[in-house]
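Each chain, letter by letter, is given below.
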Amino acid sequence: MKLEMKDSPGQLVSVIQPISEIGGNILSVIHERDPAVRSDVLDVQILCEIPEGSLEPLLARFKQIGVNVLRIGEERLLVRRSVILIGHLIHTDITDTIDTIDSTGFAEVHALSMIMPAINEPSSTKMTIKSDSLANVNRALDILRDVARQKEFLIIEPLEDV
Amino acid sequence: MRVAMLGLGSVGKGIAGAILERDIGFTLTAVADSKSGRIEPSGIDIASMLEQKERTGMCGTPGVGAVDILASDAYDILIEVSPTNAETGEPALSSIREALCRGKSVVTSNKGPVALDFQSLHRLAEEHGAYLRYEATVCGAIPIMHTIESGLAGNPITKLYGVFNGTCNYILTRMAEEGLTYQQALLEARERGYAEADPTYDIKGIDAAIKLVILANAVWGMEKTLDDVEITGIDGVTTASIALAEEQDLTIRLIGEIIPAEGVLRVSPRIIPKSHPLVVGETLNAVAIDTVMAGEITLIGKGAGSLETASAVISDLLFIRDCHGRRS
């Protein structure tokens, strides 16, 4: 989104704070000062991920603190789905497993958390897959199910959207 | 009404006790265990029969068995509560068929015959003007069949899902609460009498799958068998995997699901929020019924146990008594 704010100390923090307060994640901040334009307002572009349904409250908050929202870019829905994989994940090339999802172009492995007990015992991994739509997350899960069958690990899926 | 009972294990004893103690209007006229039987058309003295069973291990005279009882005509309803055989359904299946062919109604807690031969048993019952009731086969004391048939009558059911096996639920609960390994939790379940010496049926998800088959056939008139169920048991679930789930206030439970519109008939361990109504403790069962008008209804209760199973059998007996004569 592109924002317009007063060019005075502390203003940038005041727009970033509401984003983190609603649980958002800032991906980039572009803050350009055009020397040709002498103005007391400043344009800032922020790229961020925010929880579903939190855009409206965020915009209301900006309005409250006197920040003008000039433009909101493409709003893309982010869907995350976590599954648990149990088996010999390292020995069956976990990089390859991750690549299978990442190379689809429509989904990616967003987080991985692994517990490895003793050697030769199956490890347990929580894998979070991220995509821009539920349909694509489900497509990625279909692929992961095939991989699980081939590499013989147990896949535990969520009962509901968790 | 006169009832005959095949099987006098813990469930059978519970039913006999209930007939004796509660004034519900039934007379036990015949009973058989695995070694003996007795037929007394004027009514068995239940207290002395149970006392004899306790003392000698036999309820009656050796040589008297199911065949004699079925042929005796000394009963209106047959209670079939002998041990289940999931592969052949026998000898219960033959006994149930025989009784239905004679126009006698049947109440059973025996999953094998109901899962294996559902549609043909129902046809037999219909042809001979008899009732076949099996509330006790699914989720023990939970009145799931009565709820769907009577309570939710007229409500199309879109989905059924839940915790159908108390042994698995106990094991997963203990792994989550105490960090026990799967093997430790299984041993504990055995010590407490929640798991059989051979726990395969429970932990591989087969027991839960049999219940799904019964529900699919009973609720939607499907013709499913055990082979149609996609089954994953809990024996591969690690303590670490539950710990990973718990980091986000989630846990793992063995869930059975029937979603006819999506062709889903599946038993599998699933990640589920700890606050979900299906997350029940110990050996409890829980089943959620998704309906068109009533929304979602969740029933929670004891899925096994002699008195709990007897409760389901008694409610079926009373159902048949109350409906008697309506079907002609």
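Only a predicted model underlies this, so the values are computations on that prediction, with no experimental measurement involved.

**Some details on the overall build of chain A**
Secondary structure summary: chain A contains four helices and eight strands in total. Across chain A, helices and strands are ordered from the amino to the carboxyl terminus as β-α-β-β-α-β-β-α-β-β-α-β. A globule of 162 residues ought to have a C-alpha radius of gyration of about 15 Å, yet chain A, at 21 Å, is considerably larger. Across the 162 residues that make up chain A, the buried fraction comes to 36%. Long-range pairs, those at least 24 residues apart, make up 67% of the contacts in chain A with a sequence separation of at least 6. Approximately 9,600 Å² of chain A is accessible, and the part contributed by carbon and sulfur atoms is 49%. Of the side-chain charges in chain A, 16 are positive and 25 negative, and the distance between the mean point of each set is 5 Å.

**Side note on a negative patch on the surface**
Residues and elements named next belong to chain A. Together, Asp-93, Asp-99, Asp-102 and Glu-108 line one region of the surface with negative charge. Within the secondary structure layout, Glu-108 lies in strand β6 (residues 107–115). A residue is classified by how much of its surface remains accessible, and Glu-108, at 40% relative accessible area, is partly exposed.

**So, the packing of helix α1 (residues 11–21) of chain A against helix α2 (residues 55–64) of chain A**
Residues and elements named next belong to chain A. Contact geometry for α1 and α2: axes closest at 10 Å, N-to-C directions at 155 degrees. Here α2 runs roughly antiparallel to α1, going by the angle between their axes. At the point where α1 passes α2, the crossing takes the right-handed sense. On α2, the residues touching Val-15, Pro-18, Ile-19 and Glu-21 of α1 are Leu-58, Arg-61 and Phe-62. Along the lines of polarity and charge, the residues of the contact of α1 with α2 split into five nonpolar, no polar and two charged.

**Comments concerning the domain arrangement of chain B**
Residues and elements named next belong to chain B. Under the domain assignment used here, chain B contains domain 1 (2–141 + 307–323) and domain 2 (146–302). Tallying the contact residues gives 19 residues for domain 1 and 19 residues for domain 2. Buried surface at the junction of domain 1 and domain 2, both sides included, amounts to about 1,500 Å², of which 61% is carbon and sulfur. In this assembly, domain 1 and domain 2 are joined by three salt bridges. One salt bridge in this structure joins Glu-149 and Arg-133, with 3.0 Å as the shortest N-O distance. Between the two partners, domain 1 and domain 2, sit six residue pairs in polar contact (both at pLDDT 80 or more). Counting residues per element, the ones that place at least two in the side of domain 1 that touches domain 2 are α5 (111–116), α6 (118–127) and α13 (306–323). The greatest single-element share of the side of domain 1 that touches domain 2, amounting to four residues, is contributed by α13. A breakdown of the residues in the side of domain 1 that touches domain 2 according to their chemical character gives nine nonpolar, four polar and six charged.

**Quick word on the pattern of salt bridges**
Residue and element names in this part refer to chain B. Scanning the model with the defined rule gives 27 salt bridges over all chains in all. Among the salt bridges present, the one from Arg-38 reaches Glu-40, with a minimum N-O distance of 3.1 Å. Among the residues examined, Arg-38 registers a relative accessible area of 13% and is labelled buried. Here the residues in one salt-bridge network are Arg-174, Glu-177, Glu-178 and Glu-188, joined through shared partners.

**Some remarks on the packing of helix α8 (residues 166–178) of chain B against helix α12 (residues 239–246) of chain B**
Residues and elements named next belong to chain B. As a packed pair, α8 and α12 sit with axes 9 Å apart at the nearest point and diverge in direction by 65 degrees. Regarding the angle of α8 to α12, the classification is roughly perpendicular. Crossing angle aside, the handedness with which α8 passes α12 is right-handed. Where α8 approaches α12, its residues Leu-172, Met-175 and Ala-176 are matched on the opposing element by Thr-239, Ile-242 and Glu-246. Here the residues of the contact of α8 with α12 are counted per class, giving four nonpolar, one polar and one charged.

**Digging into the interface of chain B and chain A**
Taken together, the contact between chain B and chain A spans 23 residues of the former and 17 residues of the latter. Between chain B and chain A, a total of about 1,600 Å² is buried, with carbon and sulfur atoms accounting for 70% of that surface. The largest per-residue losses of area from chain B upon contact with chain A belong to Leu-244, Arg-270 and Ile-271 of chain B, which jointly make up 38% of the total buried on that side. Taken together, chain B and chain A are joined by one salt bridge. One can count eight residue pairs in polar contact (both at pLDDT 80 or more) joining chain B with chain A.

**Brief notes about the domain arrangement of chain A**
Here chain A is described as being made up of domain 1 (2–71) and domain 2 (79–156). Averaged C-alpha coordinates put domain 1 of chain A and domain 2 of chain A at centres separated by 36 Å.

**What about the packing of aromatic side chains?**
Residues and elements named next belong to chain B. Tallied over the full model, the rule gives three aromatic pairs over all chains. Between the aromatic rings of Phe-118 and Tyr-134, the centroid separation amounts to 5.5 Å while the plane-to-plane angle is 80 degrees, which identifies the pairing as edge-to-face. Remark: Tyr-134 occurs in the loop between β7 (132–133) and α7 (144–151) and Phe-118 occurs in helix α6; sequence separation between them is 16 residues. Residue Phe-118 is classed as buried on the basis of its relative accessible area of 6%. Relative accessible area serves as the criterion here: at 9%, Tyr-134 is assigned to the buried category. Positioned over the ring face of Tyr-75 is Lys-104, at 5.2 Å from the centre of the ring.

**Structural notes on helix α1 (residues 10–21) of chain B**
Helical geometry: 3.6 residues make up each α-helical turn, so side chains three or four residues apart lie on a common side. With twelve residues, α1 of chain B should cover 16 Å at 1.5 Å per step; its first-to-last C-alpha distance of 16 Å lies within 8% of that length. All of the buried residues in α1 of chain B are Val-11, Gly-12, Gly-14, Ile-15, Ala-16, Gly-17, Ala-18 and Ile-19 of chain B.

**A short note on the sheet that holds strand β1 (residues 2–6) of chain B**
Strand pairing in a sheet takes place through backbone hydrogen bonds and is either antiparallel or parallel in direction. Residue and element names in this part refer to chain B. If you trace the seven strands from one edge of the open sheet to the other, you get β4-β3-β2-β1-β5-β6-β7, paired in mixed fashion. Edge positions in the open sheet fall to β4 (61–62) and β7, since each of these has one partner strand only. Bridge count for β1 against strand β2 (residues 27–32) is five bridges, and the pairing is parallel. By the bridge assignment, Ala-4 is partnered in β2 with Ala-30. Here α13 sits on the sheet and contacts β1, β5 (77–80), β6 (105–108) and β7; the angle it forms with β6, its principal contact strand, is near 160 degrees.

Each value, and the rule that gives it
- Residues numbered from 1 in each chain as written.
- Chains lettered and ligands numbered in written order.
- Predicted model: local features only at pLDDT ≥ 70, side-chain atom pairs only at ≥ 80, totals over all residues.
- Heavy atoms only, no water.
- Helix = DSSP H or I, 4+ residues; strand = E, 2+ residues; numbered from the N terminus.
- Rg over C-alpha atoms; globule rule 2.2 N^0.38 Å.
- Buried < 20%, exposed > 50% of the residue type's maximum accessible area, 1.4 Å probe, protein only.
- Contact = heavy atoms within 4.5 Å.
- Areas by Shrake-Rupley, 256 points an atom, 1.4 Å probe, with all protein chains shown as cover.
- Lys, Arg positive; Asp, Glu negative; His and termini not counted.
- Charge placed at Lys NZ, Arg CZ, Asp CG, Glu CD.
- Patch = residues over 30% accessible without salt bridge, like charges linked within 9 Å, V, L, I, M, F, W, Y side chains within 5 Å.
- Salt bridge = Lys/Arg side-chain N within 4 Å of Asp/Glu carboxyl O.
- Axes fitted to C-alpha atoms, helices over the stretch in contact; angles between N-to-C directions.
- Parallel < 35°, antiparallel > 145°, perpendicular 65-115°, else oblique.
- Left-handed = near helix turned anticlockwise from the far one by under 90°.
- Nonpolar A, V, L, I, M, F, W, Y, C, P; charged D, E, K, R; others polar.
- Domains from an automatic or database assignment.
- Buried area = accessible area lost by both parts, 1.4 Å probe.
- Polar contact = N/O pair within 3.5 Å; in protein donor to acceptor, adjacent residues only side chain to side chain.
- Phe/Tyr/Trp six-rings, centres within 6.5 Å; stacked < 30°, edge-to-face > 60°.
- Lys NZ or Arg CZ within 6 Å of the ring centre and 35° of its normal.
- Expected span 1.5 Å × (residues − 1).
- Pairing = 2+ DSSP bridges.

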